[in-house]
Amino acid sequence: MDDVSRKRERLERCPPGHAGRDVALYNLADALYERYENEEEIDDLNEAITLHRDALELRPVENEEGHRSDSLISLTHCLYRRYRKLGAVDDLEEAIAFGREALALRPPGHRDRDVSLNNLGVSLWTRFEKQAEVCHLEEAIQLLRAALELRPPGHQQRSKSLRQLILCLSSRYESQGLVADLEELVTLRRAVLELCPRGHSDHVASLHNLACDLRRKYAKTAVISDLEESIELHRAALELRTPGDRDRSSTLDELTLCLSTRYNKLGMVADLEEAIEFGRAALKLLPQGHGESLHNLACNLRKRFVKQAAIEDLEEAIELFHAALKLRPIGHPDRSSSLCELTFCLSRRHDKHGVAEDLEEAVTLGREGLKLCPPRHLDRGMCLRNLGRNLRKSSMQTAAIRDLEESIELLRRALEMHPIGHPDRSSSLYELALCLSLRHDKYGVADGLEEAIQFGREALELCPSGHPDRGVILHSLACDLWTKFQYLHQTAAVVRPTSRADLASSLFEFSQHFWDQFQKEVRVTDLDNAVCLAMYALELRLPLEDDSVAAWVQRLAKRAISDELVMPGRVVDNLRTLANYHRARFQTQHAIIDLNEAITYYRHTLQTCPAGHPSRASSLHDLAQCLADRFREQPAAADLDEAITLEQEALQLLVRGVPDYHVSRACLTACLQMQFDSQAAMMSSGALGITHFDVKQVIRNVAFETLKTMPTRLLHTHTGILCNRDAQVSHFLDSAQCKQLESQCATCSLDQQMELIRAIISKYFEYVTLSHRWGEGEPLLRDIEGHTIYGMSIKGGFGKLQAFCRIALEWDYLWAWSDTCCIDKDSSSEVQETIGSMFAWYRQSALTIVYLSDVADTASLGSSEWFGRGWTLQELLAPRSLLFYTENWSLYKNSPSSNHKADVTVLAELERETGIDRQFLTSFSPGLDDTRSRLQWASLRRTTRPEDIAYSLFGIFNVHLPVMYGESAENALGRLLAEIVSQSGDISVLDWVGEPSPFHSCFPAHVASYQMLRLPTSQPNAEEQCSAINQQPTSFEVLRELCGSLATSYLPHFLGRSLLPSSIAHRILPVHPRTPASYASSEVYDFHSLSRVPLPRFFSRLLTLPCIAYHVTSVQLNGADPSTPSYMYSIVASGLMSLEIALPTKLEDVTRPQAVLHLVRPWHSKLLGPSADLDAVTDQQILSALGTPFNALLLTQLPHNEHRRITSSTLITARPTNRASILNSKIRIFNVV
């Protein structure tokens, strides 16, 4: 008799009215439900529900045993299962109602409350799936979180609650896209993985799911560590999903996607190759075809074609995209992406082979793709641009103007979707300019040419020197300018030049035409056009390998250019003419920048005219005249001295009596007279200086000179108007201070006049800087230019800007600067200049206002995000005066001080929150001292753009490097560290723990690796050191008698052999000694030749590093945890005490067979003290300096006498064995890559 039959008999023995009937009904219902679970007979489930209802009627109230709540929970469970089986909504609604009643009967503290919370949460999530009402999902998440709290680690139902909460959060993330939900999902996935260790049936699925959510998180936050972890987890899952596993294909697909994404970010070809390999493997497991796998593999092949130009990759990509389209029919959500990719590939194949059918298909597919991308679709702008480009190509083949007109219309719409600041704006501008130019050339539409030139100029401005598209844009713009000139002047029909050299010659001729017009009519626009065209002509003459005129001229001067198209004579003409234009513009507009440009180009001209060149004398004279002009504007003795020297050399090259001789002689005479007058004025203390007319000009010149070191634009706090330098000077010249200054100068000597002028102007132009955390809606330059900020909306950042200017005005400052609106962020050159000058600007400011938008009046400074941002570090250190303001613009702690850096209480709080000593907070000097400390200060800070974390340190270290937005953060940090080492030889930057940089093995990938403190450098005195090391002979005679130098050793053939503890525990690997005969004598130094040891240097990613080397003689693996991963090794090295190191990777994975390992102590003379005499160093000094523990680096030898650092999981702390090992040490030069 089965369980159901036995319980039926018990129920028959409990007729209606029997005291135990409710229990018998409940037990029979449970038995029927159990049988339903095994046999899935719906009649059993229906009867169980009926019996539970009958039992519930007999349990009207809750008793001590909890019978009614038990019946409610069981009935809820049965109704939920029937809903899942039959889909009757009434069952689900009733289950929810009974679930709520059961929960009410099980208050907090009830032993089974977690069951009620969990069941009700699951039912509400199911209702959300049916009705898509977010309120049900929100309640389900709340209930499931409460259930999870009642099921702590170790609870048998914890895994179930975790999975159900994961389902709910995944649903909310899919509908709302909240990053917080994604972060919680990752946390829950990690908890599930902990409950499913290796060997568990769900371990692989847990690895896979966590990896997928980490990839989704990377897509949202762009934190590269999430993507790296996702890749490693997928690799681990792939190892466990061996060939034949039904889920292997999904892991291959996800791993392919992750590797492809990392290639997009870092550009490592190895990732792309592996993504293609895994993509092919996934396709083999899906013989019927899989649209997403086909599409992803095709995308990766397309990327490899763009990188390597292998036509077979493009052909295969087209074939795969066609196959993917068949599997993504009309109505498929991903059809548009396949259409867009296939269109691109067909267009590229047309460019390669010129097959008309490819272009026709690209246009047809492009139209279909555009229909699938409605307005506001992320890909619509790209679809518009690509279709417009292909229609332009089509019009060139078919001569159909309708295609060209449609192309222009599409590109105009694409441009609207690519506003200023969008990365694709330059390409859309360029394509539209090409179409308008083509329409003018083919169909004579005149108005389009001017527009094409306008768009071409804007596109060129968005592509600074070095940009890969600048060359083609400039060439196209030059062609349009040539056409315009021919059209305006009705020149006889000639063939448009096509080569860069011919175009340069044509533009140069046009510039001369405008110059002639200027000389006749003195129109400034003619001179501006002449300058612009001459600049374009000069750039067109630049060979592709040169990114600046200076580099090009330098090579030309050395006769290193063999290009026949580059004629030295034309080069000199171009340079001299451009210099003449700038000088003329200076003479008409008095802008010192034009005079400086003229001097620069005259210097370039002089470089191309070495001794013996027929034009050298005239080049010397031209440069001398400009320098004399600059002396008149800004009296600097160096300019006048150089002008005199140049004219003297020019006169030596000229024959007396020729016209040029007389001109140079007159110029030299004038310069000598100015020199005499200047010296006489300085000697005559009582002589009055300058006339009223002269003083006005001197004031103007000093004002411009003062502003040269200040931000280009400043906000006028009285009016709220943004002013450039011309407007700032105009404000001063019209002010009462200026009028008073003029009257004071009338009664002063020359020296007193200049001192007074500089003092008054410096005081007038004192400015306040703003330091803050960027928020939503910050005003940019284009938003406020030409407007007063006080009359604008107070929404977003506008209110903050207005409050800042009011505060500056309250402190009686006339000028204010903010990094939001005072910089033209669309100008790459201005952004470069700003980043290079920002530290100096904050240092020069009279006051810096720090606005803490997230700190209430009663809160502390440390709660603000401001202290965790990268750029704010220099904004904290640079200013001499600083004031903190809270969220409602109240002075922090109502401090009476006008400088919080002088407030002891605030300064102590700053010191505590930042970890920076107050001496640096109050009197910080930029430079390369305390390098390691400065990196540690930045280690916990973050920036929105990853590469900015390095750029934000340029000012702190006082280094000047190019800013290259778009490079990886690792590359930016690597360039900074390389510059630090190259300038200072500082070896402290090598002390770090973390992920190594792809830039160089000795550098970390992230500045966060500098969080760990260095080994203390304090050293015992000589007596203590001597007692710590066993007594042995100390003289250098003994040292010289010691045989050999640094012992070297080969490590055994352990590469490729498993190093798991189970196989080699407690086994020491033997080593074979060798002599250092292969060391070049020039690379090894003893302590008698310290003055000859070079400093560390960095060149072409090669670190030349002097080190005290200790050769590893044995290696023993003590333990390994591949899941961490972590590998503990015991290391024995000659001259060092035995030590243990932790590595994140097995040694055989990072070394070559027979590779030599070294533990090294990087050498710098400062190890012996800041002022040690290197030629007279004593044994005692060596023992004192080198006998203490130190941070060692582990190096492995590579081919070509190069080495690479092996990264450790912790700092490697090493200690010499005895005094003999110290005195026997020698310094060797390592080339580390």
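Up top you'll find the structure we're talking about.
First things first, this report covers the structure right here in the doc. Nothing here was measured: the structure is a model prediction, and the numbers come from that model.

1. As for the pairing of strand S15 (residues 1190–1198)
Most of S15 is tucked away: nine of the nine residues are buried. Residues Phe1190, Ala1192, Leu1194, Thr1196 and Leu1198 line one face of S15 and the alternating positions Asn1191, Leu1193, Leu1195 and Gln1197 line the opposite face, and both faces are buried. Where S15 folds back onto strand S16 (residues 1202–1206) in an antiparallel hairpin, the turn is made up of three residues, including histidine 1200, whose phi is positive at roughly 65°.

2. Some thoughts on the sheet that holds strand S5 (residues 847–851)
The strand order S2-S1-S4-S3-S5-S6 describes an open sheet built from six strands, whose pairing is mixed. Because the sheet does not close on itself, it has two edges, and the strands there are strand S2 (721–723) and strand S6 (882–885). Along the sheet, successive strands turn relative to each other by an average axial angle of 30°, direction set aside. Both strand S3 (residues 767–772) and strand S4 (residues 815–817) contribute to a ladder of three bridges, which runs parallel. For tyrosine 767, the partnering residue across the bridge sits in S4 and is tryptophan 815. Relative to S2, helix H32 (residues 725–733) is tilted by about 105°, and along the sheet it contacts strand S1 (714–716), S2 and S4. Of the strands in this sheet, S1, S3, S4, S5 and S6 are in contact with helix H36 (residues 797–810), which crosses S3 at around 140°.

3. Regarding unusual backbone geometry
Residue valine 522 is not a glycine yet carries a positive backbone phi of 50°. Position of valine 522 relative to the elements: it lies in the loop between helix H23 (500–521) and helix H24 (524–541). Classification of valine 522 by relative accessible area gives exposed; the value is 53%. Within the chain, histidine 1200 stands out as a residue other than glycine whose phi angle is a positive 65°. The topology assignment puts histidine 1200 in the loop between S15 and S16.

4. Section: the side chain of arginine 328
With respect to the helices and strands, arginine 328 occurs in the loop between helix H15 (311–327) and helix H16 (335–353). Buried within the structure, arginine 328 lacks any salt-bridge partner; its nearest side chain of opposite charge belongs to aspartate 334, at an N-O separation of 4.1 Å. A distance of 3.4 Å separates the side chain of arginine 328 from the side chain of histidine 295, its partner in a polar contact. Within polar-contact distance, the side chain of arginine 328 engages the side chain of serine 338 at 2.8 Å. What arginine 328 contacts, discounting residues up to four positions off in sequence, is Gly291, Glu292, His295, Asp334, Arg335, Ser337 and Ser338.

5. Notes on the nonpolar core
Formed by 119 residues in total, the largest nonpolar core has its most connected members in Leu715, Ile849 and Phe884. Once residues lying within four places of it in the same chain are set aside, the contact partners of phenylalanine 884 are Val850, Leu852, Leu861, Trp866, Phe867, Leu876, Ser890, Leu891, Tyr892, His900, Val906 and Leu910. Judged by nonpolar contacts, the second largest core, of 81 residues, contains Phe518, Leu575, Leu595 and Ile599.

Calculation notes
Residues numbered from 1 in each chain as written. Predicted model: local features only at pLDDT ≥ 70, side-chain atom pairs only at ≥ 80, totals over all residues. Heavy atoms only, no water. Buried < 20%, exposed > 50% of the residue type's maximum accessible area, 1.4 Å probe, protein only. Helix = DSSP H or I, 4+ residues; strand = E, 2+ residues; numbered from the N terminus. Pairing = 2+ DSSP bridges. Axes fitted to C-alpha atoms, helices over the stretch in contact; angles between N-to-C directions. Contact = heavy atoms within 4.5 Å. Lys, Arg positive; Asp, Glu negative; His and termini not counted. Salt bridge = Lys/Arg side-chain N within 4 Å of Asp/Glu carboxyl O. Polar contact = N/O pair within 3.5 Å; in protein donor to acceptor, adjacent residues only side chain to side chain. Core = buried A, V, L, I, M, F, W, Y, C linked by side-chain atoms within 4.5 Å.

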